[in-house]
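Listed below, chain by chain, are the residues.
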Amino acid sequence: MDKPTDLVEYETMLMGRHVHMSNRSKTTSANLDRSAYILLSRLRMEGPMSIGQLSEAFGLDASTLNRQTAAMLRGGLLERIPDADGGIARKFRVTEEGALRLELARTELVGGLDRILESWSAEDVAEFAAYLKRFNTDIERLDGRIWPRP
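Along each chain, numbering runs from 1 in the same order as the chain's sequence is written. The predicted origin of the model limits local features to residues at a pLDDT of at least 70 and limits the giving and counting of side-chain atom pairs to 80 or more, whereas totals for whole chains, interfaces and linings rest on all residues. Processing note: side-chain calculations cover all non-hydrogen atoms of the structure and skip hydrogens and water entirely.

J.: Could you give an account of the nonpolar core, naming the residues involved and the relevant values?
T.: Definition of nonpolar core: a set of buried residues of the types Ala, Val, Leu, Ile, Met, Phe, Trp, Tyr and Cys, connected through side-chain atoms within 4.5 Å. Burial status follows relative accessibility: with a 1.4 Å probe on protein chains alone, a residue under 20% of its type maximum counts as buried, one over 50% as exposed, and anything between as partly exposed. Core analysis: the largest hydrophobic core is formed by 20 residues, its most contacted members being Leu 32, Leu 40, Leu 43, Met 72 and Leu 78. Of all the secondary-structure elements, those providing two or more residues to this core are helix H2 (34–46), helix H3 (51–58), helix H4 (62–74), strand S2 (91–94) and helix H5 (96–116). What counts as a helix is a DSSP run of H or I of at least four residues, what counts as a strand is a run of E of at least two, and both are numbered from the N terminus. Ranked by the residues each element gives to this core, the list is headed by H2, at five residues. The contact definition used throughout considers only heavy atoms, calling two residues in contact when any of these lie within 4.5 Å. Leu 32 has contacts with Tyr 37, Leu 40, Leu 77, Arg 101, Leu 102 and Ala 105, leaving out every residue within four places of it along the chain.

Here it is, written out as structure tokens:
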């Protein structure tokens, strides 16, 4: 590992492993998989979106999103609504059940982060969050897909 980016690669690999392991070994009470959590989060930030808009936002093909949204419709997490702007495509909106389960999952994930970071100062946590945001926004800039933030 000769360069600092070698260390970043290694540590992000481990972070991905830890997140994957924690999700596999402990399902949340909300019982949301990763794709549902991310999709619900995006819809909560931006409001209703069509398959085409979701495809553009996530860089996924429509067939993948059709499978994901169909499962979420069956699970009561999403509902289809007409386009408020009069477009032909119907949009997906988070249901009350979807919003409750998303919030429950987020609360559990934040609780896990609280346990991991409990020995860190508030300043260290804020600095870490700022670096993660910078890292993610640089990825988004290169990818051309900006993720909305609160």
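J.: Just give me the short version of the environment of Ser 50, but keep the residues and values in it.
T.: Along the chain, Ser 50 falls in the loop between H2 and H3. Sequence separation between Ser 50 and Phe 92 is 42 residues, and the spatial gap between their C-alpha atoms is 6.1 Å. Aside from chain neighbours lying at most four places away, what touches Ser 50 is Ala 89, Arg 90 and Lys 91.

J.: Break down the pattern of salt bridges for me, with residues and values.
T.: Counted as salt bridges are all cases of a side-chain nitrogen of Lys or Arg within 4 Å of a carboxyl oxygen of Asp or Glu. Summed over all chains, the structure comprises seven salt bridges. With a shortest N-O distance of 4.0 Å, Arg 101 and Glu 97 are connected by a salt bridge. Taken as a pair, Arg 101 and Glu 97 lie in helix H5 at a separation of four residues, close to a single helical turn. The class for Glu 97 is partly exposed, based on a relative accessible area of 38%. One salt bridge connects Arg 141 with Asp 138, and the closest N-O pair in it is separated by 3.6 Å. Note that Arg 141 and Asp 138 are positioned in helix H6 (residues 122–143) at a spacing of three residues, about one turn of the helix.

J.: Got a sec to walk through the environment of Asp 83? Specific residues and values, please.
T.: Within the element layout of this structure, Asp 83 appears in the loop between strand S1 (78–81) and S2. Judged by its relative accessible area of 18%, Asp 83 falls in the buried class. It is 8.4 Å that separates the C-alpha atoms of Asp 83 and Pro 48, two residues lying 35 residues apart in sequence. Residues in contact with Asp 83, not counting those within four places in the same chain, are Ala 89 and Lys 91.

J.: Tell me about the packing of H2 against H3, residues and numbers included.
T.: Packed helix pairs are characterised by how far apart their axes lie and by the angle those axes make with each other. It is the contact of H2 with H3, at a shortest axis distance of 12 Å, that shows an interaxial angle of 110°. The angle between H2 and H3 falls in the class roughly perpendicular. Contacts between H2 and H3 involve Ile 38, Leu 39, Arg 42 and Leu 43 from the first element and Leu 54, Ala 57 and Phe 58 from the second. When its residues are assigned to classes, the contact of H2 with H3 shows six nonpolar, no polar and one charged. Lines fitted to C-alpha atoms define the axes here, with helix axes fitted over just the stretch in contact, and angles between the N-to-C directions of these axes take values from 0 to 180 degrees. By definition in this entry, angles of less than 35 degrees are roughly parallel, angles greater than 145 are roughly antiparallel, angles of 65 to 115 are roughly perpendicular, and the rest are oblique. For this classification, Asp, Glu, Lys and Arg are treated as charged, while Ala, Val, Leu, Ile, Met, Phe, Trp, Tyr, Cys and Pro are nonpolar and the rest, including Gly, are polar.

J.: Give a detailed account of the packing of aromatic side chains, specifying residues and quantitative values.
T.: Aromatic contacts are taken between Phe, Tyr and Trp rings whose centres are within 6.5 Å, Trp giving its six-membered ring; a plane angle under 30 degrees counts as stacked, one over 60 as edge-to-face, and the others as tilted. Counted by the stated rule, this structure contains two aromatic pairs. With a centroid separation of 5.7 Å and 75° between ring planes, the pair formed by Phe 58 and Trp 147 is classed as edge-to-face. Taken together, the residues span a long stretch of sequence, with Phe 58 in helix H3 and Trp 147 in the segment after H6 at a distance of 89 residues. Looking at Arg 42, its charged tip hangs above the ring of Phe 58, at a distance of 6.0 Å from the centre. Charges are assigned to positions over rings by a cutoff of 6 Å between ring centre and Lys NZ or Arg CZ, combined with an angular limit of 35 degrees from the ring normal. One residue, Arg 42, lies across the ring of Trp 147, its end atom 4.6 Å from the ring centre.

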